[in-house]
Amino acid sequence: MQKFVTHRGIAAPLLRVNIDTDAIIPSREMKRVSREGLGDSLFAGWRYRQGTVKPGDLDPEFVLNQPAYANASILLTGQNMGCGSSREFAVWALKDFGIRAIISPSFGAIFYTNCIRNGLLPIILDEKQISEITAEVTLNPQSNALNIDLQHNLITTANQHQYSFKIASSYQQMLLHGLDPIDLTLQLQTNIDEFIKADQVKRPWAHSIRLIND
Amino acid sequence: MPKQPGLTLFDKIWNDHTVERGEDGSYLIYIDRVFLHERTGSLALSSLESSGRTTRNPANVFCTMDHIVDTHPGRSDNTTTPGGKEFIQVTRQLAKQEGITLFDLGDPMQGISHVVAAEQGIGLPGCTMICPDSHTCTLGAIGALATGVGSSECEHALATETLRFFKPEQMRIQFTGKLDPGVTAKDLALHLISTFSATGGLGCAVEFAGPVISELDVEARQTLCNLAVEFSAFTGIIAPDDKIVTYLKNKPYAPKGQAWRAATKYWSTLQTDVDAKFDHEIEIGCTDIAPTVTWGTSPQHAVSIEAVVPHPDSADEPSEKDAINRALEYMNLSPGIPLNGLPIQVAFIGSCTNSRLSDLRIAANILKGRSIAPGVRAICVPGSTQVKTHAEKEGLDQIFKQAGFEWRESGCSLCFYAGGEGFAAGDRVITSTNRNFEGRQGPGTRSHLASPATVAASAVKGCITDFRTLVD
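It should be emphasised that the depicted structure is a prediction, and the values quoted were computed from it without experimental measurement. (Residues numbered from 1 in each chain as written. Chains lettered and ligands numbered in written order. Predicted model: local features only at pLDDT ≥ 70, side-chain atom pairs only at ≥ 80, totals over all residues.)

**Concerning the overall build of chain A**
A count of helices and strands for chain A gives 8 helices and 7 strands. In terms of overall dimensions, chain A has C-alpha extents of about 65 × 40 × 25 Å along its principal axes. Buried residues in chain A amount to 43% of all 214 residues. For chain A, contacts bridging at least 24 residues in sequence account for 65% of all contacts bridging at least 6. (Helix = DSSP H or I, 4+ residues; strand = E, 2+ residues; numbered from the N terminus. Buried ≥ 20, exposed ≤ 12 C-beta atoms within 10 Å, placed from the backbone. Contact = placed C-beta atoms within 7 Å.)

**Re the interface of chain A and chain B**
On the chain B side, the residues contacting the 53 residues of chain A number 67 residues. Mapped by element, the contributors of at least two residues to the side of chain A that touches chain B are helix 1 (21-24), helix 4 (109-117), helix 6 (169-177), helix 7 (181-186) and helix 8 (189-202) of chain A. The element that contributes the greatest number of residues to the side of chain A that touches chain B is helix 4 of chain A, accounting for 5 residues. Of the residues belonging to the side of chain A that touches chain B, the class tally is 20 nonpolar, 21 polar and 12 charged. (Nonpolar A, V, L, I, M, F, W, Y, C, P; charged D, E, K, R; others polar.)

**What about the domain arrangement of chain B?**
All names here are of chain B. Taken as a whole, chain B is organised into domain 1 (9-165) and domain 2 (292-469). For domain 1 versus domain 2, the separation of C-alpha centres amounts to 28 Å. Between domain 1 and domain 2, the contact holds 25 residues from the first and 21 residues from the second. Per-element tally for the side of domain 1 that touches domain 2: the top contributor is helix 4 (residues 113-119), with 4 residues. The residue inventory of the side of domain 1 that touches domain 2, partitioned by class, reads 9 nonpolar, 12 polar and 4 charged. (Domains from an automatic or database assignment.)

**Considering unusual backbone geometry**
Residue and element names in this part refer to chain A. Positive phi, normally seen in glycine, also occurs at Asn18, with a value near 55°. Owing to 27 C-beta atoms within 10 Å, Asn18 belongs among the buried residues under this scheme. One non-glycine residue, Asn153, adopts positive backbone phi at about 50°. Tracing the backbone through its elements, the reader meets Asn153 in the loop between strand 5 (146-149) and strand 6 (154-156). Under the C-beta neighbour-count criterion, Asn153 is labelled partly exposed, with 14 such atoms within 10 Å.

**Digging into the sheet that holds strand 12 (residues 280-285) of chain B**
All names here are of chain B. One open sheet holds the 4 strands; their spatial order is 11-10-9-12, and the pairing between them is parallel. Among the strands making up the open sheet, the edge pair consists of strand 11 (235-237) and strand 12. Averaged over all pairs of adjacent strands, the angle between their axes in this sheet comes to 20°, without regard to strand direction. Looking at chain direction, strand 10 (residues 205-209) and strand 11 are connected through 3 bridges and run parallel. Along strand 11, the bridge assignment pairs Ala205 with Thr235. Contacting strand 9 (170-176), strand 10 and strand 11, helix 1 (residues 9-16) runs over the sheet at an angle of about 135° to strand 10. (Pairing = 2+ DSSP bridges. Axes fitted to C-alpha atoms, helices over the stretch in contact; angles between N-to-C directions.)

**Here's the deal with the sheet that holds strand 5 of chain A**
Residues and elements named next belong to chain A. The mixed open sheet is built from 7 strands, whose spatial order is 4-3-2-1-5-6-7. The open sheet has two edge strands, strand 4 (121-124) and strand 7 (162-164), and neither has a second partner. Across the sheet, the mean angle from the axis of one strand to that of its neighbour is 30°, orientation sign disregarded. The sheet contacts of helix 5 (residues 127-139) involve strand 1 (6-14), strand 2 (72-77), strand 3 (101-104) and strand 7, and relative to strand 1 the element is tilted by about 95°.

**Description of the environment of Pro338 of chain B**
With respect to the helices and strands, Pro338 of chain B occurs in the loop between helix 11 (318-331) and strand 15 (346-349). Each C-alpha atom, one on Pro338 of chain B and one on Pro310 of chain B, is 9.5 Å from the other, the two residues being 28 residues apart in sequence.

**A few points about the pairing of strand 1 of chain A**
Both faces of the sheet carry side chains from a regular strand, because those side chains alternate between them. All names here are of chain A. Both strand 1 and strand 5 contribute to a ladder of 4 bridges, which runs antiparallel. Considered in strand 5, the bridge of Arg8 is made with Asn147. Sheet analysis places strand 1 next to strand 2, joined by 5 bridges and oriented parallel. Residue pairing across strands places Ala11 opposite Ile74, the latter belonging to strand 2.

**Some thoughts on helix 15 (residues 452-461) of chain B**
Because an α-helix completes one turn every 3.6 residues, residues spaced three or four positions apart along the sequence face the same direction. Residues and elements named next belong to chain B. With respect to burial, helix 15 is a largely interior element, 10 of its 10 residues being buried. If you check which residues of helix 15 are buried, you get Pro452, Ala453, Thr454, Val455, Ala456, Ala457, Ser458, Ala459, Val460 and Lys461. On its buried side, helix 15 packs onto strand 13 (292-294), strand 15, helix 12 (357-367), strand 16 (377-380) and strand 18 (428-431). Of the residues one or two after helix 15, Gly462 is the one with positive phi, at around 80°.

**Points about the packing of helix 12 of chain B against helix 14 (residues 396-403) of chain B**
All names here are of chain B. Here helix 12 crosses helix 14 at 45°, and the two axes come no closer than 9 Å. Between helix 12 and helix 14, the crossing angle belongs to the class labelled oblique. For the crossing formed where helix 12 meets helix 14, the hand is left-handed. From helix 12, Leu360, Arg361, Ala364 and Leu367 reach across to helix 14, where they touch Leu396, Ile399, Phe400 and Ala403. Broken down by class, the residue content of the contact of helix 12 with helix 14 amounts to 7 nonpolar, no polar and 1 charged. (Parallel < 35°, antiparallel > 145°, perpendicular 65-115°, else oblique. Left-handed = near helix turned anticlockwise from the far one by under 90°.)

**Quick word on the environment of Phe234 of chain B**
Counting through the fold element by element, Phe234 of chain B comes out in the loop between helix 8 (218-226) and strand 11. Through-space distance from the C-alpha of Phe234 of chain B to that of Asp359 of chain B is 26 Å; in sequence the pair is 125 residues apart.

**Describing the nonpolar core**
Within the largest apolar cluster, 216 residues are counted, with the highest numbers of intra-cluster contacts made by Val34, Leu224, Ala347, Ala363 and Ala456 of chain B. Here this core spans two domains, since at least three of its residues come from each of domain 1 (9-165) and domain 2 (292-469) of chain B. (Core = buried A, V, L, I, M, F, W, Y, C linked by C-beta atoms within 7 Å.)

**Topic: the packing of helix 12 of chain B against helix 15 of chain B**
All names here are of chain B. Orientation of helix 12 relative to helix 15, taken along the N-to-C sense of each, is 30°, at an axis distance of 8 Å. What the angle tells us is that helix 12 and helix 15 run roughly parallel. Between helix 12 and helix 15 the crossing geometry is right-handed. Only Pro452, Ala453, Val455, Ala456, Ala457 and Val460 of helix 15 make contact with helix 12, whose side of the interface consists of Asp359, Ile362, Ala363, Ile366 and Leu367. Counted by class, the contact of helix 12 with helix 15 contains 10 nonpolar, no polar and 1 charged residues.

**Some details on helix 5 of chain A**
Residue and element names in this part refer to chain A. Counted at 1.5 Å a residue, the expected span for helix 5 with its 13 residues is 18 Å, and the 18 Å between its end C-alpha atoms agrees. Every buried residue of helix 5 is accounted for by Ile130, Ile133 and Val137. Along the axis of helix 5, the buried residues cluster in a sector spanning 65°; they form a single face. Exposed positions of helix 5 whose direction lies more than 90 degrees from the buried face are Lys128, Ala135 and Leu139. (Expected span 1.5 Å × (residues − 1). Arc of directions from axis to C-beta.)

Here you go:
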């Protein structure tokens, strides 16, 4: 998993509420059994004038298509970011496009975990803080980049305003060190075996699954 | 010694599945059942394979084809979904390699994962279940702790039989009063989400309770729990009662004999204790709920069929006002327009929300002896091959076809482009599905969520219609 320690990047405001994962990547754009190469499909319905991926058809109005936000790697969004479908393709598309962090008042729960699992940092700030950051960033997006420091849970703006954020310590460690959660859990193999042994006595019916057509 | 506080239904299942507590307060939870489909399950399986790991307990893992397969009669792997054949074939090959149970094309148990998991007795009360699909919460209706996850988390569950979670906050929603005849779980869910917003249950494990829930049949409960994710809940759950026990008895994968007796004894303990505390409690009076339809692009944009499209000024927050304005523009609607009478081009009955036998019976009851309006395209996609077969035995397929509906094979279908099919830009669709998001059913397609009764009545009239005007 890609580590996240510190990141300095251009932030783009996409301050809509309830941005769903169908909007982040429509089902029709998930064309391969692969996590790679999905960046062109990101926000296909909004980024392209006809609503579907077509080179040369980028909608100049959409924030990520504006020269001021070229190379943006941080998104500022409205609440309930990433709600809807569990498709991890949404996170893979964001990452492939170059997004490393998303700042929102709240996230869809599945999307939040998918971000963590892919080294994309989801940051929760309140709406007022996001408005303040947006006001500063939009004055001059290319020079007013944001600094994100995950070791200290701190965002620093170009004007040295600082915002601290919370993240579970296990997620923080996973991101800082690029840890694989499956490896971490497999270290607890003995605990899992013991649990199952006891559970087979407590709930035998849950462990005896088989097809019986009688 | 102070008395231990009472436990909720959710606490009981959670406690009985806790393998270990992390230092940061997280819980390692044992996962009883994993369900996969070819869209996101393929990614979990291929990632598992490339990591050199294997499925820890294949007996507990099931897979179906629903997201990519097309739903035309005589279908094959050659779906019109771009790249779809690869998803189908990779899933089939890896399912075989891992030794998991696959409900492939042509299998009588094939269907939409959440419909199949319930009707085959795979999801059970007091079990944990995950699927890389957000509507996995559907199985909460059975009394399972079921939640959707991403492909990577699914891979974790395949490799370890566990998942790490933070314990969610808990909410109880008491549904009191009595639903009017014909007003369904779909109307109830849309009413709930429109009243408390699409984030009303944010991150919570939500227990649905009260006399209205007891009255709902098991399939209607699945519709309600299915929509818990549209309320931003971690999951929805309903305490298993006699209806659930009767429903599960003799289901193919349900326990049998001695195991059945042990199971039902355990299930009888799965009730919230009288003195249990919830983080949030809501009560909803149901007596005045009318058939409910969405007008906008979020499930919270729902109103009674007797109401009009709301005004942006009705929003409390500026961000919500912006969202309403965007939705009105996308849906090509103006404030004050009545929903009842709005012309439609398409009517769709299908999806994990509303495509079970009871849904098809309700729709057929309205369609019997009637035809869809000229110019309307109408499609019915049964939720599973078993639902389709049962419906055909009852002659429901004939009613649908004679009314002018297309009668399809089972799958997710036009809920979101499954099978590579979408509706046209500007098409106004009345749909029994779960998401009216921008572009969900096609770029520029305008989706109105409603119950199967409302969809059937609207297909007949050619406009969004209060079905009560078509029944005695």
